[in-house]
Amino acid sequence: MDGSIWVGVRERVLALTASPAGDRVFGATGHTFSLEDPLTPAELADLECQTGVSLPGEYRDFLLHVGAGGAGPSYGVYPVRLVRGRWRWEGDGAELADLSRLAEPFPREGADAEAVRLLLSECPDEEDFEQVEDFDDAFEAWEERWEPLMWSADRTVGAVVISTLGCAAREWLIMSGPERGRIWSDNRVDDEDLKPLLDDTGAPMTFTCWYLTWLEKAERHLASAPAAD
């Protein structure tokens, strides 16, 4: 890929910083339409060498031509940074990704649906306990069964957390396997397994579609915002 799809995108994003209505775009109070500097080709090569994976082409070109993170969907694109000689993505929940396993194919299927349903049906209800301490003990025991089922590290190999919607709801960029280059939503905090993010036509959302859809909506929203007094 030659990165031509990203020509002018950095400038378009940074232009939004001048809008007095910028805080009306969801998440903009967090990223303020700022972008990190793009990676150099040498930095990108070092990142790929260290992680042992060739990044998806669209995301690769974004890092080179737009920025290493910053303004974007929800609370922004998690920046990838070199910290004490090691590359890592930074943001809420970024540590959930096992960077040593990015070359492994991301699994399309998660926990067994029937096992999830059964375990949810067994979740303790505080109203069934006379003492709050007894409920806490029962819930802790239940969580010890729930977390390995829904939060196993095997569920998210081959992917990195790329953004957050807040309240522990996140989005992942798939690095390896059949879903490579696509965005998956993660609402496990609400007892839902990961699932592919879809566009308005029902098609899987690629990184470029995900990012440019956000940018176009932000531009339209701010263009239609009432002028400041």
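Our subject is the structure that appears above.
Residues numbered from 1 in each chain as written. Predicted model: local features only at pLDDT ≥ 70, side-chain atom pairs only at ≥ 80, totals over all residues. Heavy atoms only, no water.

## So, the side chain of R155
Relative to the elements of secondary structure, R155 occurs in the loop between α6 (132-150) and β3 (159-166). Setting aside residues no more than four positions away along its own chain, R155 makes contact with F106, P107, R108, E109, G110, W184, R188, D193 and L194. (Helix = DSSP H or I, 4+ residues; strand = E, 2+ residues; numbered from the N terminus. Contact = heavy atoms within 4.5 Å.)

## Observations concerning the sheet that holds strand β5 (residues 183-186)
Judged by pairing direction, the sheet is antiparallel, and its four strands sit side by side in the order β3-β4-β5-β6 without closing on themselves. If you trace the sheet from one side to the other, it starts and ends with β3 and β6 (195-196), each paired once. As paired elements, β3 and strand β4 (residues 169-174) share six bridges and run antiparallel to each other. Considered in β4, the bridge of T164 is made with R170. (Pairing = 2+ DSSP bridges.)

## Side note on the pairing of β4
Counted residue by residue, β4 has six buried out of six residues, so it is predominantly covered. Taking every second residue as pointing to the same face, both faces of β4 are buried, with A169, E171 and L173 on one and R170, W172 and I174 on the other. In this antiparallel pair of consecutive strands, β3 and β4, the connection spans two residues, and C167 shows a positive phi of 55 degrees. Sheet analysis places β4 next to β5, joined by four bridges and oriented antiparallel. From the neighbouring strand, R170 faces β5, where its bridge partner is D186. (Buried < 20%, exposed > 50% of the residue type's maximum accessible area, 1.4 Å probe, protein only.)

## Some points on the side chain of E171
Following the sequence through the fold, E171 ends up in strand β4. Side chain to side chain, E171 and W210 meet in a polar contact 3.1 Å long. If we ignore the near neighbours within four places in the chain, the residues touching E171 are S74, V160, V161, I162, S163, L165, I183, W184, S185, L197 and W210. (Polar contact = N/O pair within 3.5 Å; in protein donor to acceptor, adjacent residues only side chain to side chain.)

## Overview of a negative patch on the surface
Residues D125, E126, E127, D128, E130, E133, D134, D136, D137, E140, E144 and E147 make up a contiguous surface patch of negative charge. By secondary structure assignment, the location of D137 is in helix α6. (Patch = residues over 30% accessible without salt bridge, like charges linked within 9 Å, V, L, I, M, F, W, Y side chains within 5 Å. Areas by Shrake-Rupley, 256 points an atom, 1.4 Å probe, with all protein chains shown as cover. Salt bridge = Lys/Arg side-chain N within 4 Å of Asp/Glu carboxyl O. Lys, Arg positive; Asp, Glu negative; His and termini not counted. Charge placed at Lys NZ, Arg CZ, Asp CG, Glu CD.)

## A short note on the pattern of salt bridges
What the rule picks out here adds up to 15 salt bridges. A salt bridge links R155 to D193; the nearest nitrogen and oxygen atoms lie 3.2 Å apart. Placement of the pair is R155 in the loop between α6 and β3 and D193 in the loop between β5 and β6, with a sequence separation of 38 residues. When its relative accessible area of 7% is taken as the criterion, R155 is described as buried. Residues joined by salt bridges that share partners form a network here, namely E36, R81, R88 and E90.

## What to know about the pairing of strand β1 (residues 80-83)
Inspection of the sheet shows β1 paired to strand β2 (residues 86-89) by four bridges, in the antiparallel sense. Bridge pairing links V83 to R86 in β2.

## What to know about the nonpolar core
If you look at the biggest cluster of nonpolar residues, it comprises 50 residues, and the most contacted ones within it are Y59 and Y211. Breaking this core down by element, the ones donating at least two residues are α1 (9-15), α3 (41-51), α4 (57-65), β2, β3, β4, β5 and α7 (207-223). The leading source of residues in this core is α7, at eight residues. Each residue touching Y59, except ones within four places of it in the same chain, is listed here: V80, W89, I162, L173, M175 and F207. The next biggest cluster of nonpolar side chains, apart from the first, holds five residues, and it includes L119, W142, W146 and M150. (Core = buried A, V, L, I, M, F, W, Y, C linked by side-chain atoms within 4.5 Å.)

## Focus on unusual backbone geometry
The backbone phi angle of S74 is positive, close to 55 degrees, even though this residue is not glycine. Here S74 shows up in the loop between α4 and β1. A positive phi angle, close to 50 degrees, is found at R84, a residue other than glycine. Mapped onto the fold, R84 is located in the loop between β1 and β2.

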